Amino acid sequence: AQSVTQLGSHVSVSEGALVLLRCNYSSSVPPYLFWYVQYPNQGLQLLLKYTTGATLVKGINGFEAEFKKSETSFHLTKPSAHMSDAAEYFCAVSRINNAGNMLTFGGGTRLMVKP
Amino acid sequence: EPEVTQTPSHQVTQMGQEVILRCVPISNHLYFYWYRQILGQKVEFLVSFYNNEISEKSEIFDDQFSVERPDGSNFTLKIRSTKLEDSAMYFCASSDGLAGTDTQYFGPGTRLTVL
């Protein structure tokens, strides 16, 4: 069974500071990994995903994440936070085979950006 | 940009009543999903649907739940006899493939409150 753990349900940073949101996964096979963002009253929007190939993945809005197999991690970073980054962020893992496309989510991290 | 829409945004119902949550997936997508998020808990997979039948379902998706694509655009989730514990945010999603690498596009959710 797959699982995802996001350390820190709430993270607060100052505008311009580094954003680091942590995600660790558990999977018996190499996973496909996703980060989604949810702004208030909106759906989950894909930020980026890792499938195969380069382990550093760049996404929208200046975010990137690095897949580290040895650490079973897929942390999300952004060098400089902007007020508009305030939202809830979800890490998710998908199956490796094509039996279905069920996403398993972490608990989410609410990012707050202080002026 | 195409998006998944859901109606209503908020549904209040009495315990034991039937509810139907509606979704309009992205028009060229063939795979459809329902997830739910109980307040304070993780987003959980309920069911995936393709070619007018369920592809996969979780153990949450018991006999009180059903899904349907009644026409060429809508995708619905029916809860036959609601329970207090069905109170949650329900998300619809769609994708153009069923592989683990395919991105699921989420709607804004329907908040179901069972009294």
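Everything quoted here is computed from the prediction, not taken from an experiment. (Residues numbered from 1 in each chain as written. Chains lettered and ligands numbered in written order. Predicted model: local features only at pLDDT ≥ 70, side-chain atom pairs only at ≥ 80, totals over all residues. Heavy atoms only, no water.)

**Q** Even after reading the chapter, I still don't get the state of the cysteines, so can you show me in this structure?
**A** Here is the idea: a disulfide is a covalent bond, and it sits between the sulfur atoms of two cysteines. Residues and elements named next belong to chain B. Counted according to the given criterion, the structure contains two disulfides over all chains. Between the sulfur atoms of Cys 23 and its disulfide mate Cys 92 the distance is 1.9 Å. Here Cys 23 and Cys 92 share a disulfide; its torsion about the S-S bond, -65°, makes the bridge left-handed. You can see Cys 23 sitting in strand S3 (residues 19-24) and its partner Cys 92 sitting in strand S9 (residues 88-95), a full 69 residues away along the chain. An identical accessibility class is assigned to Cys 23 and Cys 92; each is buried. (Disulfide = S-S within 2.5 Å. Helix = DSSP H or I, 4+ residues; strand = E, 2+ residues; numbered from the N terminus. Buried < 20%, exposed > 50% of the residue type's maximum accessible area, 1.4 Å probe, protein only.)

**Q** How do you make sense of the interface of chain B and chain A when you look at a structure like this?
**A** Often, the extent of an interface is quoted as the loss of accessible area upon association of its parts. Contact residues are listed per partner, giving 20 residues for chain B and 25 residues for chain A. Each partner contributes to the roughly 1,800 Å² buried at the junction of chain B and chain A, and carbon and sulfur atoms together form 53% of this total. Our count for the chain B to chain A interface comes out at zero salt bridges. Along the contact surface separating chain B from chain A lie four residue pairs in polar contact (both at pLDDT 80 or more). (Contact = heavy atoms within 4.5 Å. Buried area = accessible area lost by both parts, 1.4 Å probe. Salt bridge = Lys/Arg side-chain N within 4 Å of Asp/Glu carboxyl O. Polar contact = N/O pair within 3.5 Å; in protein donor to acceptor, adjacent residues only side chain to side chain.)

**Q** How should I be thinking about the nonpolar core in this particular structure?
**A** Burial of nonpolar side chains together is a common tendency in soluble globular proteins. In terms of nonpolar packing, the biggest core is built from 27 residues, with Trp35(A), Leu48(A), Phe74(A), Leu76(A) and Tyr89(A) touching the most fellow members. At the level of secondary structure, the elements contributing two or more residues to this core comprise strand S2 (10-14), strand S3 (19-21), strand S5 (32-38), strand S6 (44-50), strand S8 (64-68), strand S9 (73-78), strand S10 (87-94) and strand S12 (109-114) of chain A. Ranked by size, the runner-up nonpolar core spans 23 residues in total, among them Leu21(B), Cys23(B), Ala88(B) and Val114(B). (Core = buried A, V, L, I, M, F, W, Y, C linked by side-chain atoms within 4.5 Å.)

**Q** Looking at this model, I keep getting lost on unusual backbone geometry. Mind explaining?
**A** The bulk of non-glycine residues show a negative phi, and the bulk of peptide bonds are trans. The omega torsion of the bond from Thr7(B) to Pro8(B) falls at -15°, within 30 degrees of zero and hence cis. Within the secondary structure layout, Pro8(B) lies in the loop between strand S1 (5-7) and strand S2 (10-13). The backbone of Thr72(A) shows a phi angle near 45°, a positive value even though the residue is not glycine. Secondary-structure assignment places Thr72(A) in the loop between S8 and S9. Relative accessible area serves as the criterion here: at 32%, Thr72(A) is assigned to the partly exposed category.

**Q** Sorry if this is basic, but what is going on with the pairing of strand S11 (residues 110-114) of chain B here?
**A** The two faces of the sheet receive side chains in turn, since in a regular strand these alternate between them. Residue and element names in this part refer to chain B. Of the two faces of S11, only one is covered, namely that formed by Thr 110, Leu 112 and Val 114; the face formed by Arg 111 and Thr 113 stays uncovered. Where S2 lies against S11, four bridges are found, and the strand directions are parallel. Bridged to Thr 13 within S11 is Val 114. Summarising the sheet, S9 and S11 pair through three bridges and their orientation is antiparallel. By the bridge assignment, Tyr 90 is partnered in S11 with Thr 110. (Pairing = 2+ DSSP bridges.)

**Q** Help me understand the pairing of strand S5 (residues 43-50) of chain B, please; the structure alone is not making it clear to me.
**A** All names here are of chain B. Most of S5 is tucked away: six of the eight residues are buried. Sheet analysis places strand S4 (residues 31-37) next to S5, joined by seven bridges and oriented antiparallel. From the neighbouring strand, Trp 34 faces S5, where its bridge partner is Val 47. Sheet topology note: the S5/strand S6 (residues 53-57) ladder contains four bridges and is antiparallel. Along S6, the bridge assignment pairs Tyr 50 with Glu 53. The hairpin turn running from S5 into S6, its antiparallel successor, is two residues long, and Asn 51 in that turn takes a positive phi close to 55°.

**Q** Got a minute to help me understand the pattern of salt bridges in this structure?
**A** Pairs may arise between side chains of opposite charge once their charged atoms sit close together. Residue and element names in this part refer to chain A. Evaluation of the coordinates by the stated rule reveals four salt bridges over all chains. Between Asp 85 and Lys 78 there is a salt bridge, with its nearest N and O atoms 2.9 Å apart. Each member of the pair, Asp 85 together with Lys 78, is buried. Between Arg 110 and Glu 88 there is a salt bridge, with its nearest N and O atoms 2.8 Å apart. With Arg 110 in strand S12 and Glu 88 in strand S10, this pair connects stretches of sequence that are 22 residues apart. By relative accessible area, Arg 110 is classed as partly exposed at 37%.

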